[in-house]
Amino acid sequence: MRIGIIGAGQLGQMLGFAARKLGDECRFIDPSDSPPAAVCGDVIRKPFDDADALADLAANCDVVTYEFENVPVEALSHIEGKVPVYPPAAALQHSQDRLDEKRLFTDLEIPLSRYRRIDSREDIDAAIDALGLPIVIKTRRLGYDGKGQFIVRSQEDCDEAWQALGGNALIAEAWVPFDYEVSCIGVRNVAGDVAIYPLARNVHVEGILRTSCSPVDAPGLAAKAEDYVRRLLDHLDYVGTLALELFVCGEDLFANEFAPRVHNSGHWSIEGSATSQFENHIRAVLGRPLGSTAPQGHAGMVNLIGEIPDEARNLDVGTLHDYGKSPRPGRKLGHITVTAETGAARDSGIDIIERCVTAST
Ligand code: AMP
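An account of the accompanying structure is given in this report.

How each quantity is defined
- The numbering scheme is per chain: residues are counted from 1 as the chain's sequence reads.
- Reporting of local features is limited, given that this is a predicted model, to residues whose pLDDT is at least 70; pairs of side-chain atoms are given and counted only at 80 or more, and all residues count toward the totals for whole chains, interfaces and linings.
- Side-chain figures throughout are based on the complete set of non-hydrogen atoms in the structure, without hydrogens or water.
- Here, nonpolar core means buried Ala, Val, Leu, Ile, Met, Phe, Trp, Tyr and Cys residues that are tied together by side-chain atoms lying within 4.5 Å of each other.
- Burial classes follow relative accessibility: with a 1.4 Å probe on protein chains only, a residue under 20% of its type's maximum area counts as buried, one over 50% as exposed, and anything between as partly exposed.
- The secondary structure listing takes helices from DSSP runs of H or I that are at least 4 residues long and strands from runs of E that are at least 2 residues long, numbered from the N terminus.
- Note on contacts: a residue pair qualifies if any of its non-hydrogen atoms lie within 4.5 Å across the two residues.
- Nearness is defined per residue: one heavy atom within 4 Å of the molecule or strand is enough.
- Polar contact is the term for a pair of N or O atoms within 3.5 Å; when the atoms are in protein, one must be able to donate a hydrogen and the other to accept it, and sequence-neighboring residues count only if both atoms are side-chain atoms.
- Accessibility throughout is a Shrake-Rupley quantity obtained with a 1.4 Å probe, and a residue counts as covered only by protein chains that appear here.
- Between any two strands, pairing holds if DSSP finds at least two bridges.
- The axes are straight lines fitted to the C-alpha atoms, using for helices just the contacting stretch, and the angles between their N-to-C directions are given from 0 to 180°.
- Working note: the arc is built from the helix axis to C-beta atom directions.

This brings us to the nonpolar core. Of all hydrophobic cores here, the largest spans 29 residues; its most connected members are Phe105, Leu232, Leu244, Leu246, Leu253 and Phe258. For this core, the leading source of residues is helix 8 (residues 219-235), giving six residues. Once residues within four sequence positions are removed from consideration, Phe258 is found in contact with Ala91, His94, Ser95, Glu101, Leu104, Phe105, Leu232, Leu236, Leu242, Ala243 and Leu244. Among the nonpolar cores identified, the runner-up in size contains 22 residues, and Leu11, Ala19, Cys26 and Leu286 belong to it.

With respect to the helices and strands, Arg201 occurs in strand 11 (residues 200-205). The exposure class of Arg201 is partly exposed, given its relative accessible area of 40%. For the pair formed by Arg201 and Val182, sequence separation is 19 residues and the distance between their alpha carbons is 4.4 Å. Aside from chain neighbours lying at most four places away, what touches Arg201 is Tyr180, Glu181, Val182, Thr211, Ser212, Cys213 and Val216.

Further remarks concern the site of the ligand. Contacts to the ligand come from 15 residues, most closely from Lys138, Gln149, Val176, Glu181 and Glu257. A distance of 2.9 Å separates a nitrogen atom of the ligand from a polar backbone atom of Val176. Asn256 places a polar side-chain atom, nitrogen or oxygen, 3.0 Å from an oxygen atom of the ligand. For the ligand, the protein covers 92% of the area, taking 470 Å² as the surface of the free molecule. Every element with two or more residues in the shell around the ligand is listed here: strand 6 (135-139), strand 8 (170-174) and strand 14 (252-259).

As a further point, take the sheet that holds strand 1 (residues 2-6). Spatial strand order, 3-2-1-4: four strands in an open sheet with parallel pairing. The outermost strands of the open sheet, each flanked by one partner alone, are strand 3 (41-44) and strand 4 (63-66). Going across the sheet, the axis of each strand differs from the next one's by a mean of 25°, ignoring polarity. Bridge count between strand 1 and strand 4: four bridges; the pairing is parallel. In the strand pairing of strand 4, Ile6 is matched with Tyr66.

Within helix 6 (residues 121-131), the full set of buried residues consists of Arg121, Ile124, Ala127, Ile128 and Leu131. Projected down its long axis, helix 6 carries its buried residues within an arc of 100°, all on one side. In helix 6, the exposed residues that point more than 90 degrees away from the buried face are Glu122 and Asp129. As for helix 6, its buried residues are in contact with strand 5 (115-118), strand 6, strand 7 (149-152), helix 7 (158-165) and strand 8. Positive phi shows up at Gly132, right after helix 6, with a value of about 80°.

This is how it looks when you write it as structure tokens:
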């Protein structure tokens, strides 16, 4: 079958490889010069909301999906009814606006950090009164990898925060003194069957994901996270892969955000799961049974950001995934996955890779 994918970045590339393995093919829309997914399917080099390009996908594909959450919702409305589009537009809508997303978590009784809507400079003072310090001010829309965020640690930071972000629709969140961060990835297919991956523990550096390791030895947390992901999947009548990012505070979880797509914190699943998040996304949107999400040992992933050092290419640890992108500071260029029989062996592999990557940057 043929899957139309809006976006041809590295997530599209990994979806394309998974589709090829299943005997299916992908066709992408992406305006960029050298999209990573061009190695695994035709790319229509047009803007994501180009009516002709979308009509092409609708006419020539069995289903349309997307690999990033900032696809304009109106773009999908052009093709809805002509071809199945998954995940559903409602999931996109909620994930595109942090305020909307937090209201959804509240409606579904998924715990989250306290927050306030910010529309003016005065609202920042009111948020500090209500939430205490520090607070994190975030743009409601189009933030990613820590971009569009400002940590206000004292009253003196308020003007600078407003100068940096004012003019955008904003929210302020209470600072969460988390022990660590996790994500839970779930998949739901057209028939409503759900499969959940084991929890992954994530480390961010300067707002960008650096490492992700799974499974996490915390059955109580895993059960809670699974319950929250199931609530989202079922409520949204979701089809495809979804990732929920959470803060861990003792035995409690607080939702940070969800992504209606395959996610960087699930890349380990290519080698570390019976079925990767990419393959299960393809299976889900094509209306097929889902594959097993059983872990294959202990897996971990290190992101390669800004450059891929030669030393990282020559390591005898792990499997390198090079997305074929040109180097640029802060850009995700690839990742290395390690799998091992024990968590300790996995962690020492991750350590070797991290030291190599950090030494070279
Ligand atoms: P986000 O773009 O919301 O995923 O934020 C990027 C990263 O910033 C998160 O993964 C956390 O490491 C950190 N962060 C975001 N919001 C908060 C918060 N309210 N409290 C503590 N850390 C946060």
